[in-house]
Amino acid sequence: MMEKMIFGRFIPGDSLIHRMDPRAKISFVFVFIAIVFIANSAETYGILLGFTLLVVFLSKIRLYFLINGLKPVFILLIFTFLLHIFFTREGELLVDIGFIKIYEEGLRQGIFISIRFLVLVFVTSILTLTTSPISITDGIEVLLGPFKRVKLPVHELALMMSISLRFIPTLMDETGKILKAQMARGSDIGSGPVKERIKAVVPLLIPLFVSAFKRAEDLATAMEVRGYRGGEGRTRYRQLNWRLIDSLSLVVLAGLAGILVYFRL
Amino acid sequence: MNSIILSFENVTFTYMQEDESVKPAVKDLSFSIQDGEWIALVGHNGSGKSTIAKLMNGLLFPQIGKVEAMGKLMTEESLWDIRSQMGMVFQNPDNQFVGATVQDDVAFALENNGVPHEEMVVRVKEALQQVKMADYLDHEPHHLSGGQKQRVAIAGALAMRPRLLILDEATSMLDPQGRMEVIETIRELRKATGLTVISITHDLEEAALADRILVMNAGEKQLEGKPEAVFRSGNELTNLGLDLPFSMRMTHLLREVGVELQGEHMTEDELVDELWTFYSRK
């Protein structure tokens, strides 16, 4: 199940979207989220959906792969859809079978909300699917740069994020090892009542914590020896490249906002 | 050339000073290391090796005595300057890998020291070539073997173009192949650049490659000298909990049963050479 989930996963590639600057992509997504809420009619939602599909197409990530990976999200989507259909009581009565009454407005709202939801999930997934976690971190660090003035430890936050990302596979490995070691000693995590299973997790977590702290200490020493003294006076090895395409993407987005506003007026 | 790069002068360090019952981890230790030397610091667990490593790079300061490196006294002020000329590789390959990929990790020390970007790119490449990891620029740490990770760590140290490289048990968590990789890398580096190396280890086979060996026991310097000389005191080393290299043990055992071997053999090849010419030389 975990393999199929594509939430937060990165698929390396060489599409137009992959090559965009992470700063552009992150800003794009945030502005897009705001724009989505301008839409209020069939035309505007249609445009949004079309635009999103275009983005998916440009990212060269297969639509089937995306839909398949977002299955858990669709359950939520269908749930909200049904909620709207059954509980909005406005407009013309369309269906009336005993206690089920579906109104025109309900159907409209249901569809609109579903599209809105779908579009948001797709675009944010495209961001994480086409941008490596480390690039996202770089992008966030630069974008949050202005907040250094109000004493927000931007560099430290970004470093924390990148180190946590770097240690995820290491700690996963470690968890696997501890799990096997505990299983070899007769611990049973996979079966029994919930209470027992939760209890069985404790001997898994404690060794993991202990080792994580040890690692952290070693890492801190290694960093200090290599001259780490916080963000001041540091240069960056990873350079971000803002190119024409990045500016263009934001211009296109502004155009989209313009069109949506025009339809709304 | 013959300048002193690091020296300890009557250094004593105790972890918990208040507690009288705690013995000092390092006691009245003096030694100095010349530019271009390869020194092995050996001793079993608890002999004070790791404490010495920490004293070398200013993670700890001695209570008595002084540590000098690169011609400067180790103080809070000179610390960062000294560290930038001193590379250090630790025991656990995973816990010293800071960057998300090989190149990020190698660049870490450079970033910390404010090296400009263009210069960084050149140095990262150069350092990775020196340890033969240039093809792994974008690899993530969990896709590398232990030996490869340690070589990346060495590259990370080399990128700063240090005068001194300290290996703190850098091979002890590796499999034999990884260990060979790392030792081979160090040998080639020494040949190519004449870098000063201090390897802290309990592996006497590794120590045998050094120019000079310092044997530590209970915080004190027990023996010091060329590997041949140190290994000649075979039993003393065994008593300190150190294992002699296989070829040396073999030589001793052969002598015991009356085979009159000529020299002390540091490597298996030397021993084999003597053995196969043994009969004809008689």
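Residues numbered from 1 in each chain as written. Chains lettered and ligands numbered in written order. Predicted model: local features only at pLDDT ≥ 70, side-chain atom pairs only at ≥ 80, totals over all residues.

Draft legend 1. Here's a closer look at the overall build of chain A. A tally of regular secondary structure across chain A gives nine helices and two strands. Scanning chain A from its N terminus toward the C terminus, one meets helices and strands in the order α-α-α-α-β-β-α-α-α-α-α. Over its C-alpha atoms chain A spans a radius of gyration of 24 Å, topping by over 25% the 18 Å that the globule rule assigns to 265 residues. The principal-axis extent of the C-alpha atoms belonging to chain A is close to 70 × 55 × 35 Å. For chain A, with 265 residues in total, the buried portion stands at 20%. (Helix = DSSP H or I, 4+ residues; strand = E, 2+ residues; numbered from the N terminus. Rg over C-alpha atoms; globule rule 2.2 N^0.38 Å. Buried ≥ 20, exposed ≤ 12 C-beta atoms within 10 Å, placed from the backbone.)

Draft legend 2. How the structure looks around helix α2 (residues 42-58) of chain A. All names here are of chain A. Taking 1.5 Å of rise per residue, the 17 residues of α2 would be expected to cover 24 Å, and the 24 Å separating its terminal C-alpha atoms lies within 8% of that figure. For α2, the complete set of buried residues consists of Thr-44, Tyr-45, Leu-48, Thr-52, Val-55 and Val-56. Buried residues of α2 fall within an arc of 120° about the axis and therefore sit on the same side. Of the exposed residues in α2, the ones pointing more than 90 degrees away from its buried face are Gly-50 and Leu-54. Buried positions along α2 lie against α1 (22-36), α3 (63-69), α5 (104-130) and α9 (244-264). One or two steps after α2, the chain reaches Lys-60, where phi turns positive at roughly 60°. (Expected span 1.5 Å × (residues − 1). Arc of directions from axis to C-beta. Contact = placed C-beta atoms within 7 Å.)

Draft legend 3. Highlighting the sheet that holds strand β2 (residues 26-34) of chain B. Residues and elements named next belong to chain B. The strand order across the open sheet formed by four strands is β2-β1-β4-β5, and the pairing between neighbours is antiparallel. Looking at which strands have only one partner, the edges of the open sheet turn out to be β2 and β5 (72-73). Bridging between strand β4 (residues 64-69) and β5 involves two bridges; their strand directions are antiparallel. Each bridged residue has a counterpart across the sheet, and for Ala-69 the counterpart in β5 is Lys-72. The sheet strands contacting helix α1 (residues 49-56) are β1 (4-13), β2 and β4, and the helix crosses β1 at an angle near 120°. (Pairing = 2+ DSSP bridges. Axes fitted to C-alpha atoms, helices over the stretch in contact; angles between N-to-C directions.)

Draft legend 4. Focus on the packing of helix α7 (residues 154-184) of chain A against helix α8 (residues 194-225) of chain A. Residues and elements named next belong to chain A. Contact geometry of α7 with α8 gives a least axis separation of 10 Å together with a crossing angle of 135°. Here α7 is positioned oblique relative to α8, judged by the angle of their axes. The way α7 lies across α8 gives a crossing that is right-handed. Contacts between α7 and α8 involve Leu-171, Glu-174, Thr-175, Ile-178, Leu-179 and Gln-182 on the former and, on the latter, Pro-203, Leu-204, Pro-207, Leu-208, Ser-211 and Ala-212. For the contact of α7 with α8, the per-class residue count stands at eight nonpolar, three polar and one charged. (Parallel < 35°, antiparallel > 145°, perpendicular 65-115°, else oblique. Left-handed = near helix turned anticlockwise from the far one by under 90°. Nonpolar A, V, L, I, M, F, W, Y, C, P; charged D, E, K, R; others polar.)

Draft legend 5. Just the interface of chain B and chain A, in detail. The interface of chain B with chain A comprises 29 residues on the first partner and 24 residues on the second. For the side of chain B that touches chain A, the secondary structure elements donating two or more residues are α2 (79-83), α3 (102-112) and α4 (117-130) of chain B. Counting residues per element, the side of chain B that touches chain A draws most heavily on α3(B), at seven residues. For the side of chain B that touches chain A, the per-class residue count stands at 14 nonpolar, eleven polar and four charged.

Draft legend 6. Structural context of α3(B). Residues and elements named next belong to chain B. Where burial is concerned, most of α3 is hidden: eleven out of the eleven residues are buried. Of the positions making up α3, those classed as buried are Val-102, Gln-103, Asp-104, Asp-105, Val-106, Ala-107, Phe-108, Ala-109, Leu-110, Glu-111 and Asn-112. Buried residues belonging to α3 abut α4 and α5 (146-158). Once α3 finishes, Gly-114 follows within two positions and takes phi at roughly 65°, a positive value.

Draft legend 7. Quick peek at the domain arrangement of chain A. When cut into domains, chain A gives domain 1 (22-131 + 241-264) and domain 2 (155-225). Put simply, the middle of domain 1 of chain A and the middle of domain 2 of chain A, counted by C-alpha atoms, are 38 Å apart. (Domains from an automatic or database assignment.)

Draft legend 8. Geometry of unusual backbone geometry. All names here are of chain B. Phi is positive for Asp-28, close to 45°, though the residue is something other than glycine. Examined against the element boundaries, Asp-28 turns out to sit in strand β2. Positive phi, close to 55°, is recorded for Glu-169, a residue that is not glycine. Take Glu-169: it is sitting in the loop between β7 (164-168) and α6 (176-193).

Draft legend 9. Local environment of the environment of Gly190(A). All names here are of chain A. The residue Gly-190 is located in the loop between α7 and α8 in this model. Judged by the 7 C-beta atoms lying within 10 Å of it, Gly-190 is exposed. Separated by ten residues in sequence, Gly-190 and Ala-200 have C-alpha atoms that sit 9.1 Å apart.

Draft legend 10. Quick peek at the sheet that holds β7(B). Residues and elements named next belong to chain B. What the six strands build is an open sheet, ordered β6-β7-β8-β3-β9-β10; its pairing is mixed. The open sheet terminates on both sides in strands that have one partner only, identified here as β6 (86-89) and β10 (220-225). With direction set aside, neighbouring strand axes in the sheet form an average angle of 15°. When β6 meets β7, the two strands line up parallel, connected through four bridges. Paired with Gly-87 across the bridge in β7 is Leu-165. Its contacts with the sheet place α5 against β6 and β7, and it is angled at close to 165° to β6.

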